[in-house]
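Reading the structure
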Amino acid sequence: MILDPTLIPVWFVIEIQIEESDLAMVGKQQNHSSPRFRSKSPILTLSLFSLSLLVIVYTFSPSVSYPNPSHKTETSFVASLEQLLIHRAPMLTSQVRDDTVRGESDDDDLRKLDSMVSESPGYPTGFPVKVYIYEMPKKFTFDLLWLFHNTYKETSNATSNGSPVHRLIEQHSIDYWLWADLISPESQRRLKSVVRVDQQQDADFFYVPFFTTISFFLLEKQQCKALYREALKWVTDQPAWKRSEGRDHIFPIHHPWSFKTVRKFVKNAIWLLPDMDSTGNWYKPGQVSLEKDLVLPYVPNVDRCDAKCLSESAPMRTTLLFFRGRLKRNAGGKIRAKLGAELSGVKDVIITEGTAGEGGKLAAQDGMRRSLFCLCPAGDTPSSARLFDAIVSGCIPVIVSDELELPFEGILDYRKVAVIVSSSDAIQPGWLVNHLRSLIPSDVKKFQNSLAQYSRHFIYSSPAQPLGPEDLTWRMIAGKLVNIRLHTRRSQRVVKGSRSICRCDCWRPNSTASNPLSPLLP
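The shown structure was predicted, so the numbers you read here are calculated from the model rather than taken from an experiment.

**Description of the packing of aromatic side chains**
Per the counting criterion, the structure on display carries 25 aromatic pairs. Ring geometry for Phe210 against Tyr228: centres 5.9 Å apart, planes inclined by 85°, an arrangement best described as edge-to-face. Of this pair, Phe210 sits in the loop between strand E3 (205-207) and helix H8 (212-218) while Tyr228 sits in helix H9 (residues 221-236); the two residues are 18 residues apart in sequence, bridging distant segments of the chain. Relative accessible area serves as the criterion here: at 2%, Tyr228 is assigned to the buried category. Arranged with centres 5.1 Å apart and planes meeting at 75°, the rings of Tyr228 and Phe259 form a pair that is edge-to-face. With a gap of 31 residues between them, Tyr228 in helix H9 and Phe259 in the loop between strand E4 (249-252) and strand E5 (270-273) connect regions that are remote in the sequence. Each member of the pair Tyr228 and Phe259 is classed as buried. Its end group placed over the ring of Trp271, Lys292 keeps NZ or CZ at 4.7 Å from the ring centre.

**Notes on the pattern of salt bridges**
Applying the stated criterion across every chain yields a total of 16 salt bridges. For the salt bridge of Lys233 with Asp237, the shortest nitrogen-to-oxygen distance reads 2.9 Å. Among the residues examined, Lys233 registers a relative accessible area of 41% and is labelled partly exposed. Relative accessible area serves as the criterion here: at 16%, Asp237 is assigned to the buried category. A salt bridge links Asp348 to Arg437, with the shortest nitrogen-to-oxygen separation between them at 3.8 Å. One end of the pair, Asp348, is in the loop between helix H12 (335-343) and strand E8 (349-353); the other, Arg437, is in helix H16 (residues 431-437), and 89 residues separate them in sequence. Judged by its relative accessible area of 34%, Asp348 is partly exposed. Residues joined by salt bridges that share partners form a network here, namely Lys130, Asp204 and Arg485.

Cut-offs and rules
- Residues numbered from 1 in each chain as written.
- Predicted model: local features only at pLDDT ≥ 70, side-chain atom pairs only at ≥ 80, totals over all residues.
- Heavy atoms only, no water.
- Phe/Tyr/Trp six-rings, centres within 6.5 Å; stacked < 30°, edge-to-face > 60°.
- Helix = DSSP H or I, 4+ residues; strand = E, 2+ residues; numbered from the N terminus.
- Buried < 20%, exposed > 50% of the residue type's maximum accessible area, 1.4 Å probe, protein only.
- Lys NZ or Arg CZ within 6 Å of the ring centre and 35° of its normal.
- Salt bridge = Lys/Arg side-chain N within 4 Å of Asp/Glu carboxyl O.

The structure is reproduced here in C-alpha cells:
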C-alpha cells in the first residue's frame, strides 16, 4: 500500500526524529558511555518504531477489520426484540429530535406544514424513500413490546382454534421488523432504499409505529378497542395526516383482525396486509386494493434451509406432496377438507393435522425438508404462513387459493418457484397428484434452484438485509408515491361541486371462477 506523506501523523514523524537523534547520540558516545546506556537506547528506539509502525498499519490498512459481534444478523423475533428492549432502547429515546405534534394540532400547524412542503421539489427524487416515523406515546409502542416480552413464554394462551397466541404475533410481526430497522442508527443500517427523516416537510411517507397485532391478542377486548380509538385520534390530529387525508401514511395492519374496529376511518392510508381477501369476510368492499395497499409475507414459522441444508436434504426428499396443519377452516379454507379427503392415503403423499406450537414447528420443518412439493391451500384468509415456510424450506409450493394476492409481485415472479392451480382442478379425483408426477426432473430442478435464490426475500432480520422483505417493502411503496401526490394535490385544489374522485368501476374480479360475462369483456 502506498501512503500519502501528508497523511502520516505528526507524532509519527516526531518519534522518527527522536529515534534518529538517539542513534546519533549512541554513535558519539559509544566509546565513553556506560554499558547500561548502550544496551537500553537501541531497545527503546526499536520499541517506539515498532509501536508506531503497528499503529500506522492499523490506521490505513483497508484489510484490517474487527467485526462488532453486536451487529450480527438476527432472524429470531424474540431474540431481536430482547436485544432492542434491553440494550438499544435506552439510547434510542434521546437519539432523534423530530417535530411530531404531541397534542392536538390546529389550522396554523397545517398551513405551516403545507407551506414548507410546497417550497420543496414537487417531483419524486427516487431512492432512498424518505420516511418520517411518528414519536408516538409509549403505550402504543414500547409498552406493547414489553408486554409481549414479559408474557411470550406463557404458551398456554391460545386462540379458539388452538394456535398459540404468541406464535401468531410472531408470524405477523412485520410491524416490528420494519420499525426496528428504521429507528436503528444509520451506521448500523444496510438498506439504501429507505432513509429516516426528522422533519415532516422532508418526508415522502409517514410510518405509524403502533403494534396493532400485539394489542389485539394480549389486551382485554374493551381495553384494546379503547387503545385503538386513542391511536386513531392521535394520528388523525397530526398536521401531516390532515394535509393528505392520510394517503401518505403507512399502517401495519398485518393480522386481519387487528385495528378492525376503527379501520374505516383510515381507509385512505396505505395498509400493510397479509392478503386482500376479496370475499368480504375481513375487509369491507373498497377498503383495500393493490393500487393503494401492500401485501407483505408472513414471518416464516420454520428455520431457513440454507445452501448446505438444501444440498444435504436433496437425497432425502422422498415424499411427493406434504401438508401439516388445520384441515377444517372457514370461508375459502373449506377447500382444505376437500383436498384432505381427496389426497388421504395416496402413495408418497402425507396429509396430517397439526398446530403451530413448538412441536408443530419441528414436525412441519422436518416434513417440508423431506418433500418435493408442499400443499399451500387457502385458510380462513386466502393466504397463510405455510407458503413462506415452504419457500424457505426448499419445498416447491403448490398453491390452491383462487383469491390469493402475493407479496412483492411487482418484483418477484412466483411462477418460477411455485405450482399454481385452480381449486376446481385440484379437487378432481387424481388430478393434482398426476399433475405433479407429470413434471419432468429438469423442471423440478429449475423450481428448486429458484427457491434457493428467492428464500432471502422472505427472511426478516435485524439489521434488515438488501433484497430482504423490508427492502422489497420500500421498493414497492416507492412506486406508489406519484399516485399519492396526484390524489393529495387534487383534493387540495378541487372546488365545490367537482367530482370527489375519478374512479373506474369496471375492474375485473380477481377470481379463477368462470364468469358468464367473460365473452363480453375486452
